[in-house]
Amino acid sequence: MIKIFHGRLKNISGCLQPRINIFRNKQNGSPYAHRSIHRKYFRQTLLLLLANTLIPIFIIGIIVSILMMQNLRRTADDNNYNLLAQFQSNMENIINDVNYMNIGISVNSELFSTIKRIMTHEQYDSSISKLNSTVIYPYLIPLIATREYIDSMYIYIDNDFGRFVSVPEGLCLLGQYPDSSWLEGYLEKKDSGLNIWCEPRSYQKYSFLDEEEKVISIYQKFYYHEGVSIINLSTEYFIEELSSLSLEPGQVILAVNDSGEILFQSSDSLSLPSDTLLSDLFSQSNEIIPDYSYNSQHYYIVQLFSQLGNIRYISITPHASLYQTVYQFLTYILLLIVAITFLCIPISMLVSRRFYQNISQIIDLFAAAERGEPLPEISSNGNLYGLL
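Here the structure is a predicted model, which means the values were calculated and not measured.

S.K.: Before we go on, may I ask you to explain the overall build of the chain in this structure?
M.R.: Helices and strands together make up the secondary structure of the chain, namely 11 helices and 11 strands. By the burial criterion, 41% of the 388 residues in the chain qualify as buried. Contacts in the chain between residues at least 24 apart in sequence constitute 60% of all its contacts with a sequence separation of at least 6.

Dropping the structure here:
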């Protein structure tokens, strides 16, 4: 039996003699030759392990990321559009309410005639008491007291005395009232053909306070009469309404009039220059702009236009917030790849070391068979017979 095994080894060694000579020459050489062989098998084993583990993870990660981004894009389209449409609807309800107030004053001929007569009457002192008793207290104050979003109300009819009605103060003179900038806004667009428009303003509500009150003034001409009503809406009211919405981190919602003035916005941390942004948006009719780029930053923008007051409602969301889930997933994939790479290194070293030991034992077997010497002992941790 031993002779037969020796004979088989000699036949195998004859077939593998060229490779055996190369390995033997390396084995009998310097220690650097051994290291070279180790490094060669180590690299091959490491590359094989990394290819078998990382390539599937990488492919699956890319596919899942693409699917997640597509799903997030559809979700963002629906959520941002619906959120902005809801806020637009709320704002339009308020403007409609303001419109009904204007109509109520316009069609009430007795009320409007009383206001006009008092404004144009020479006797100022007697006009005040009459206005307060017949117009301000019984009608106008209850009109705005039940609407928490209204800061104040002005009624102006052209007159030579500089008079106007302020609710709740009553009959006032332009030169003595702390807020008169609204008159410029009215005269500027009086002959523009617009019946209703709005602008952001601020004024010092009380003389003992340094801080100015920010308002959104809605100008509306009276129906069937000359003159205008100015409803000052509290900017703080809309900011609080926006703060109650579930917005993405960094997302900003703002309302802009037809002149490009920002009426209000959910946050002051808008990272885009408003002039550049608004000029770009005003030139586009698309409601959804999925990738607006500025200064190497990308944003997801939804804009809706309302003819009531000619207001444009805009939602701006950074891609970093919109696709935060995808970025976190890719980060986890990257960490997993790094962990697997570090795990594969010791495994590759162990496998290559065992493989090198197995090859060395095979060479020793072949060499002993050639010389007719007794076969060396074989370690039990290698499947040498399978290799043979």
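S.K.: How should the confidence of the model for the chain be read in this particular structure?
M.R.: In low-pLDDT regions, the fine details of the predicted coordinates are not to be read closely. When the pLDDT values of the chain are averaged, the result is 76; 70% of them are 70 or greater. Note that pLDDT drops below 50 for residues 29–34; the model gives that stretch 4 contacts with residues more than four away or on any other chain.

S.K.: What should I look at first to understand unusual backbone geometry in this one?
M.R.: Leaving glycine out, the prevailing phi sign among residues is negative, and the prevailing peptide bond configuration is trans. Put simply, V167 and P168 share a cis peptide bond, and its omega is 25°. With respect to the helices, strands and loops of the structure, P168 is situated in the loop between β2 (163–167) and β3 (170–173). Positive phi values are uncommon outside glycine, yet Y224 reaches one of about 70°. Even without glycine at this site, N310 takes up a positive phi of about 55°. By relative accessible area, N310 is classed as buried at 19%.

S.K.: Honestly, the pattern of salt bridges in this entry has me stumped. Any pointers?
M.R.: Per the stated rule, a full pass over the model turns up 4 salt bridges. Note that R147 and D97 form a salt bridge whose closest N and O atoms lie 2.7 Å from each other. Linking R147 in the loop between α5 (124–145) and β1 (150–156) with D97 in helix α3 (residues 31–107), this pair joins segments that are 50 residues apart in sequence. As far as burial versus exposure is concerned, R147 and D97 are alike and both buried.

S.K.: What is the right way to read the pairing of strand β9 (residues 288–294) from this model?
M.R.: For a regular strand, side chains alternate in direction, first toward one face of the sheet and then toward the other. Note: β9 against strand β10 (residues 297–306), 5 bridges, orientation antiparallel. The residue of β10 that forms the bridge with Y294 is Q297. Counting the residues that bridge the hairpin from β9 to β10 gives 2 residues, and of these N295 lies at a positive phi of roughly 55°.

S.K.: Would you mind showing me how to read the layout of surface pockets here?
M.R.: Take a probe with the size of a water molecule and roll it over the atoms, and the empty space left behind shows itself. Reported here for the second largest pocket is a volume of approximately 270 Å³. Secondary structure elements with two or more residues in the lining of the second largest pocket: β4 (196–203), β5 (213–221), α7 (235–243) and β8 (262–265). Per-element tally for the lining of the second largest pocket: the top contributor is β8, with 4 residues. For the lining of the second largest pocket, the per-class residue count stands at 6 nonpolar, 5 polar and 3 charged.

Conventions used here
- Residues numbered from 1 in each chain as written.
- Predicted model: local features only at pLDDT ≥ 70, side-chain atom pairs only at ≥ 80, totals over all residues.
- Heavy atoms only, no water.
- Helix = DSSP H or I, 4+ residues; strand = E, 2+ residues; numbered from the N terminus.
- Buried < 20%, exposed > 50% of the residue type's maximum accessible area, 1.4 Å probe, protein only.
- Contact = heavy atoms within 4.5 Å.
- pLDDT = per-residue confidence, 0-100.
- Salt bridge = Lys/Arg side-chain N within 4 Å of Asp/Glu carboxyl O.
- Pairing = 2+ DSSP bridges.
- 1 Å grid on protein atoms, 1.4 Å probe; cavity = no way out; pocket = protein on both sides within 12 Å on 5 of 7 lines; lining within 4 Å.
- Points joined across faces, edges and corners; volume = space filled by probe spheres on them.
- Nonpolar A, V, L, I, M, F, W, Y, C, P; charged D, E, K, R; others polar.

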